[in-house]
Every structure is written in C-alpha cells, then in structure tokens.
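# Architecture at a glance
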Amino acid sequence: MAEISGAQLVVDSLKREGVDTIYTLPGDPVGPIVNGCAEAGLRVITVRNEQVAAMAAQAHSYLTRSVGVCVAASGVGQTNTLTGIANALVNCWPLLVIGGASELRRRGMGDFQELAQLESTAPLSKWSQTVDSVVRIPTLINTAMKQAITGRPGPAYLDLPADMITGTADEDDVVIPQPYGDPPRPLAEPSKIAEALEVLKKAERPLLIVGKGAAWSRAEEELLQFVDRTQIPFLTSPMGMGMLPPDHAMNVSSARTQALQGADAILMVGARFNWIFHFGQPPRFAEKFDLVHIDIDAEEIGTNVPATVGLNGDAKMVMGQLVQGLDQVPITYGESDWLTSLKEKAAQNAATIEPMLNSDFTPLGYYRILKEVRDAIPKDAIVVADGASTMDISRQVIDNWFPRHRLDAGVAGCVGTGIPFSIAAKVVHPEKTVVCLQGDWAFGFNGMDVETAARFNLPIVWVIFQNANIDKWVRTYVDGVEDPNDFQPSMRFDIMMQALGGHGEYVEKPDELRPALDRAFNSGKASIVNVIMDPGASRRPQQFAWLAREGRMGY
Ligand code: ADP
C-alpha cells in the first residue's frame, strides 16, 4: 500500500499515454511535474513565455499526429497560454495544457496566483476540467487525451491545483486506464459515395480544395490517387500546401481567384468555408455550385454553403472510399477548356511576379528575398511563415513538396506563432531544414524565444523581413509624419541572436542575401538573417482586396 504523489501520477500518466516531450515554463506549483518528466526521460523544452509552450505543443501535435503537451505555472502563467489554446481551437489542432493552480482547499481565500483559470479557459477549449481528487489524475489525463484528438481535434485543459500535485493517494486506489492512442477514423455513409461521385461526374468545371484537416488526417496518398484517376484540378488552403505535388499538372493554385469563381462543382476536403475561403459566397465563388464536402465534424457540413452531398468522416478514409468508388462510377475530366484557362491564368500570374523575383533593387522587396530563400533550401524543408505580407507572399514564391511542411498563422490569423512553431518543427524533425519567414512585427511577439532554440541547439534559421512597420499595405507612407505603425528601422536582431548564443547575419543588398543564407544554414546554430527591406514593399496587385467586404455575406 505505497503512497504516490499527484505529480508522479501526472508524469506516469503522460508517459503511459505516449507523450515523449513537454513544452513548459516551470514555476509554482508545477515544478515537481516538470522535474518528474525530466527524470522519467521525457524531453523537457523550457521556453521563455507560456504562450510559446502552448503554441509549440500544438504544432508538435499537428506534425506527429498525437497530443502535444504544455505545462504552465499557476495564475498569470496559465493565462499566458490562452492565445495558444485559442489558436489550437480555431485551427482544430489537438493540445493538452496542464495548468498549475492555487490550492483547491484555499479557493476564495486569495491564495497565491489564485485566478478563475478554468472559467476563463473553458470557452476557448474543447474540454476542460479541474482535478479534484488525486486518485482521478490518470483517468482525467486519459480523458483529456481522448477529447483533444478525437473527432474534430482541439485543446483540452486540465486545471491542476497545487494540493493535487503535492497530495498523495494510496496506489491501490488509483485506477489506471488503457492509453488512448490513435483516434477512430470514421467512414462516410457508404450509400453516399456513389451519390457524391455522380455529382462530381456531371461537373464541367470541377475543383478539389484540400485543407489542413486532410493534412491532419494524412490523406495525401488517397488524394493523389483520386487526382491522378479523375484529373480534377486542385488547389489547397495555406497549410494544405504540400498535400499534393506542386508540379502536378492539375495544380491550379496560382489561378486561385479564377478557379474559385468558375467552379461549378467543388470537392472540399478538410477545409471550411470560413474567411479563408471567402465564406463560399459570390463574387469570390459562383452564385451556385455543387458541393461535396468531407469533414469529420458533421455540424461543419453545410456551414455557409449547403452541401449537395455531405460526407461525414475521416478525410483519409473517405478519400479511400471515393477512390474505390471510381471503379463503379469512373470519372476522367481530362483536358478541358476549364483546365486550359486556369493554366493560362496561372502562367500569367507567374509571369507577373517574375520581374519582382529577380529585382536588383535596394532596398529589397518581398519577392527577391523569398526567391533567394527558395533557392537556398532543400525541397523537404519545413517552412514556417509569420507576419501578414511575409506569409501571404511566401505562398506565391515558395512551394511545399511534402505534406505538413508548412506552418503559418492559420485560421485565427495568429501572429507570433513563427518562433514556437519553428521550435516544435525542429524538435520533431531534427534532420530537416527548418526556416521561418518572419516579419519584424511578428518577430516581436515571441522573439526572446530564439534563445530557447540556441539553448537547445536547434539550428533553425529565422529570416526577418524588416520593413519596420506594421500595416503599410493599408496606409500611405507620408514622409516626415510620425506614423503609429512605424517601428525603429534597422533593428539589429542579428546581434541579439549572436548575444544569445546563435548566429546572426545582417543584409541590406540583394547580392549579400544568398551568401548570408548559406552561412546561416551551414552554421549549425540557431540563426537570424536580418534583412532590411523596403518599408513600402507590397504584393502584386490582387483582383480582390484582403478580407474584401463586397458581395453577399450570407445566404
Ligand atoms: P484550412 O485552414 O486548411 O482552410 P480549416 O481549419 O478551416 O482548414 O478546416 C479544417 C477542417 O478539417 C475542420 O472543419 C475540421 O473539422 C476538419 N477535420 C479535422 N480533422 C479531420 C479529419 N481527420 N478528417 C476530415 N476532416 C477533418
């Protein structure tokens, strides 16, 4: 009848559930958990701000198809994780945040760092609960894992009062659950598969849209088989990039506006008609189009656009069903005016940016910087992008050749993810090049955590696009007028990186950039390539402004 502490039960439970890494900023009362994890052989990545821990943990989830874990100290330490938790919720990514909390027995007495943690976190979480008895810790961690990863994934929050961490239980009283493991992968209703294929078969201007729900599901093989057999043109959401080869003849991503507007039937896989896809409304989409929508969340189907056929299930499984269904309902679109027109538009768009890619102009613009980065990285590099224009323009210039090799601000438009996402990418894939394209504004959010990369010997390269302002794309630059969007120009982030134990490069001219990038990639150290760029640089003119408000906003 040995006694076991709550902290030890947390450590044992995480290990049993298959967790091998935690992201944390240790502090009261979670110290025994963090130390226990290290003693138990888990990798403990200690960061500088709890927000970074929550964000890194969710990228870890997405890259490993498991539940990434963040452990935060009580009170304001825990509330620092809220932006990360919100981001996981909006992105549909699993995450487990364990928040230390003031003692249960002293609630309402003004205990150290006593805050309404559960109440403030619950609306941003898929599931949340306070541990109120030491013996239940393994069960609650098991439940949190299940809640985070099953169905539409999301964040689970476990509030862990100090007296539940230091308290003990008789080992014989503790129920040990089966580890949760991989979540179920539901199939769609079989009768709907032929129906969906019949809808797609009669399309004249079909389009496949692939989102990061499909990437989470690892549906890449089935998607490629479907595209190869049907010859359906496709494009992806930002983080759906790499799910299909960018050089595939059916890739019409570079004619996105025309493809969305012109399609008369859309197969939507693991993506939503939210702002990223303009709510599926005119003028960005046709007034009427057929929709076959695959989503693991039944309630999502029909949101903003009624589905002609809804296929509720796991993307990998349902795409497999559709591929099999092609034996009964064969579809081959082949060459068509639709495809030809999209390819022509894609070629035109590519030609428009060509001069900017090769511009020798000083100060540098986005396109030339991105072209140099593209040419300096291997095809299997993980590209993280953070900051509005940097992120948007990088999609036009840098392809992703493999699934889940691009991480960015996502549906929440969450600036500041670049540093934590890069850290997680390098922790998960130490063998791969990890490059983060980051605006100087975006860098400011979690910039101090480049030190974490240096300390843990994670040779990530951050390329900072330093235009020293926040939103020049909506403002007119007026000389001599103090602009609230301006930062101090030419900040020496490279020197900061050197001081923190990494490698730093400072670049002002186009021909300095490639050698600086090569030195950074070869340094074997966490690096910053600090590129001073044109404060007025912007992207090529677009047919529709970002978040354009024109057109119908509902149906
Ligand atoms: P994107 O940012 O790529 O456009 P969203 O985050 O808007 O994608 O949408 C992702 C969608 O994928 C969500 O509606 C989510 O429910 C869905 N999803 C998540 N996991 C799966 C899965 N395994 N199979 C199918 N759909 C999934």
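Before going into details, it helps to say that this report is about the structure given with it.

Rules of the game
- Residues numbered from 1 in each chain as written.
- Predicted model: local features only at pLDDT ≥ 70, side-chain atom pairs only at ≥ 80, totals over all residues.
- Heavy atoms only, no water.
- Pairing = 2+ DSSP bridges.
- Helix = DSSP H or I, 4+ residues; strand = E, 2+ residues; numbered from the N terminus.
- Axes fitted to C-alpha atoms, helices over the stretch in contact; angles between N-to-C directions.
- Contact = heavy atoms within 4.5 Å.
- Near = heavy atom within 4 Å.
- Polar contact = N/O pair within 3.5 Å; in protein donor to acceptor, adjacent residues only side chain to side chain.
- Areas by Shrake-Rupley, 256 points an atom, 1.4 Å probe, with all protein chains shown as cover.
- Salt bridge = Lys/Arg side-chain N within 4 Å of Asp/Glu carboxyl O.
- Buried < 20%, exposed > 50% of the residue type's maximum accessible area, 1.4 Å probe, protein only.

## Thoughts on the sheet that holds strand 5 (residues 95–101)
Pairing is parallel across the open sheet formed by 6 strands, whose spatial order is 3-2-4-5-7-6. The strands lining the two open edges of the sheet, one partner per strand, are strand 3 (43–46) and strand 6 (127–130). Averaged over all pairs of adjacent strands, the angle between their axes in this sheet comes to 20 degrees, without regard to strand direction. Taken together, the 4 bridges between strand 2 (residues 21–25) and strand 3 define a ladder with parallel strand orientation. Among the inter-strand pairings, Ile22 is bridged to a residue of strand 3, identified as Val44. Along the sheet face, helix 3 (residues 50–64) touches strand 2, strand 4 (69–72) and strand 5 and points at about 165 degrees away from the line of strand 2.

## Focus: the site of the ligand
With respect to spatial proximity, 22 residues lie near the ligand, and among them Arg152, Lys212, Ser237, Asp295 and Asp314 are the closest. The separation between an oxygen atom of the ligand and a polar main-chain atom of Gly270 is 3.4 Å. Take Asp314: an N or O atom from its side chain is 2.7 Å from a nitrogen atom of the ligand. Surface burial for the ligand is 98%, taken as the share of its 590 Å² of free accessible area covered by protein chains. Considering each element in turn, the shell around the ligand owes the most residues, 4 residues, to helix 10 (residues 212–217).

## Some words on the side chain of Asn467
Looking at where Asn467 falls in the secondary structure, it is placed in the loop between strand 17 (461–466) and helix 20 (493–499). Only 3.3 Å separates the side chain of Asn467 from the side chain of Tyr366, close enough to count as a polar contact. With residues up to four places along the chain from it excluded, the contact list for Asn467 reads Tyr366, Asp440, Met533, Asp534 and Pro535.

## Brief notes about the pattern of salt bridges
Following the criterion strictly, the structure yields 25 salt bridges and no others. Across the pair Glu451 and Arg48 runs a salt bridge whose closest N-O atoms are separated by 2.9 Å. Of this pair, Glu451 sits in helix 19 (residues 450–455) while Arg48 sits in the loop between strand 3 and helix 3, and the two are 403 residues apart along the sequence. For Glu451, a relative accessible area of 10% corresponds to the buried category. Overlapping salt bridges bring together Asp392, Arg395, Arg406 and Asp408 as one network.

## Quick word on the environment of Ala468
If you trace the backbone, Ala468 turns up in the loop between strand 17 and helix 20. It is 7.3 Å that separates the C-alpha atoms of Ala468 and Ser490, two residues lying 22 residues apart in sequence.

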